[in-house]
Amino acid sequence: MAFPVRTCALIGKFADPRVAESVAALLPHLQARQVRVLVSEDALLPGGATSVTRVPERTIGDQADLVIAIGGDGTLLYAARLVAGHDVPLLGINRGRLGFLTDVMPQDMIASVDAALEGRLQPDRRPLLAAHLHRADGTTVEALALNDVVLQKVATGRMVDFETHVDGRYVNTHAGDGMVIASATGSTAYALSCGGPIVEPHLDVLVLAPICPHTLSDRPIVVSGRSIIEVTLIERPDTRAQITCDGAVIGELDPGDRLQVRSATESITLLHPAGHDYFRLLRSKLHWGRGSLDHSR
């Protein structure tokens, strides 16, 4: 990636007033810096902004030198799918809620964008997950995820029964609402709400976190990031499960199908402000350290 950046793409739900506010401030600034701005063809920008280039969204990874995701972590996950396989860094502006991935606050947006354009931010390379849904008819559906691959029940009020294997070794038979297979990055997302551990994002591990398991002994486990996780359904009447990658549905898992999840060869690069501290981020988002002395900052 060459600096200074000459082409960047904006990703976000521009109809959201908070996102629109940031975009309205950012567009004239980028124009003044003579940066070409890409947005998707159907983007509804505030005030009908004309100083942008509209392109098919699927081409953003090929054309942009930098992607700026404005919104919550869901927006950044969406942007990550657009740049997967391309050496295009992501900068997340937090206009959502928690914001473990979109860690630049609105008041710091202009300074952080300028630093990104000039190559002064900290690059943070994160591996992706590769999901392979092997169907009984011989076809395969493949997808990438930054946070997690999730197997979840389709029918309300019914449990789903399934087995897990790690590197071909039987692990457990589960009954419950499903399973979250998370990267270290995704350990603070859905897996966390399932009782999974918080994992420092540069550890080479995967987290398997059962969703509402029927037995208390069915606990989250951490395995090597080089492992291959395989999940299969146990055939029961009306058994149906759905597979999502970072919240995007890739298909249903039926008895006879196999879901395989492993670390992908692809990765993405997040950009952080200088002095970024993961543990300070955790304290801020999870309200740790309250009541202590200087350590609360």
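Everything that follows concerns the structure shown earlier in this document.
Quick look at the structure, then. (Residues numbered from 1 in each chain as written. Predicted model: local features only at pLDDT ≥ 70, side-chain atom pairs only at ≥ 80, totals over all residues. Heavy atoms only, no water.)

### Quick word on helix α4 (residues 109-117)
Burial of α4 is extensive: seven of the nine residues sit out of reach of the surface. Along α4, the residues that are buried comprise M109, S112, V113, D114, A115, A116 and L117. Looking at the packing, one finds that the buried side of α4 touches α1 (17-32), β4 (66-71), β5 (90-94) and β17 (258-272). At the exit of α4 stands G119, carrying a positive phi of roughly 75°. (Buried < 20%, exposed > 50% of the residue type's maximum accessible area, 1.4 Å probe, protein only. Helix = DSSP H or I, 4+ residues; strand = E, 2+ residues; numbered from the N terminus. Contact = heavy atoms within 4.5 Å.)

### Quick notes on the packing of α1 against α4
Between α1 and α4, the least distance of the axes is 11 Å, while the angle of their chain directions is 40°. The orientation of α1 with respect to α4, classified from their angle, is oblique. Our pair here, α1 against α4, has a crossing hand that is right-handed. In contact with S22, A25, L26, H29 and L30 of α1, α4 contributes M109, I110, V113, D114 and L117. Taken together, the residues that form the contact of α1 with α4 break down as seven nonpolar, two polar and one charged. (Axes fitted to C-alpha atoms, helices over the stretch in contact; angles between N-to-C directions. Parallel < 35°, antiparallel > 145°, perpendicular 65-115°, else oblique. Left-handed = near helix turned anticlockwise from the far one by under 90°. Nonpolar A, V, L, I, M, F, W, Y, C, P; charged D, E, K, R; others polar.)

### Here we look at the side chain of S22
Relative to the helices and strands, S22 resides in helix α1. Looking at S22, the relative accessible area reads 3%, which means it is buried. Ignoring anything within four residues of it in the chain, the contact list for S22 reads I70, R95 and M109.

### Things to note about the environment of G168
For G168, the location among the structural elements is in the loop between β9 (160-166) and β10 (169-176). Take G168: its relative accessible area is 67%, and that puts it in the exposed class. Here the alpha-carbon distance between G168 and G71, two residues 97 residues apart in the chain, equals 40 Å.

### Focus on helix α6 (residues 278-286)
Among the residues of α6, Y278, L281, L282 and K285 are the ones counted as buried. Across the axial projection of α6, the buried residues extend over an arc of 100°, all falling on one side. Looking at the buried positions of α6, the neighbouring elements they touch are β5. Between the side-chain oxygen at the start of α6 and the backbone nitrogen of F279 there is a gap of 2.9 Å, and the oxygen is on D277. Positioned one or two residues after α6, H287 has a phi angle of 60°, which is positive. (Arc of directions from axis to C-beta. Polar contact = N/O pair within 3.5 Å; in protein donor to acceptor, adjacent residues only side chain to side chain.)

### Quick look at unusual backbone geometry
Located in the positive-phi region is D167, a residue other than glycine, with phi close to 55°. Here D167 is to be found in the loop between β9 and β10. Judged by relative accessible area, which is 41%, D167 ranks as partly exposed. The backbone phi angle of C212 is positive, close to 45°, even though this residue is not glycine. Mapped onto the fold, C212 is located in the loop between β12 (205-211) and β13 (221-224).

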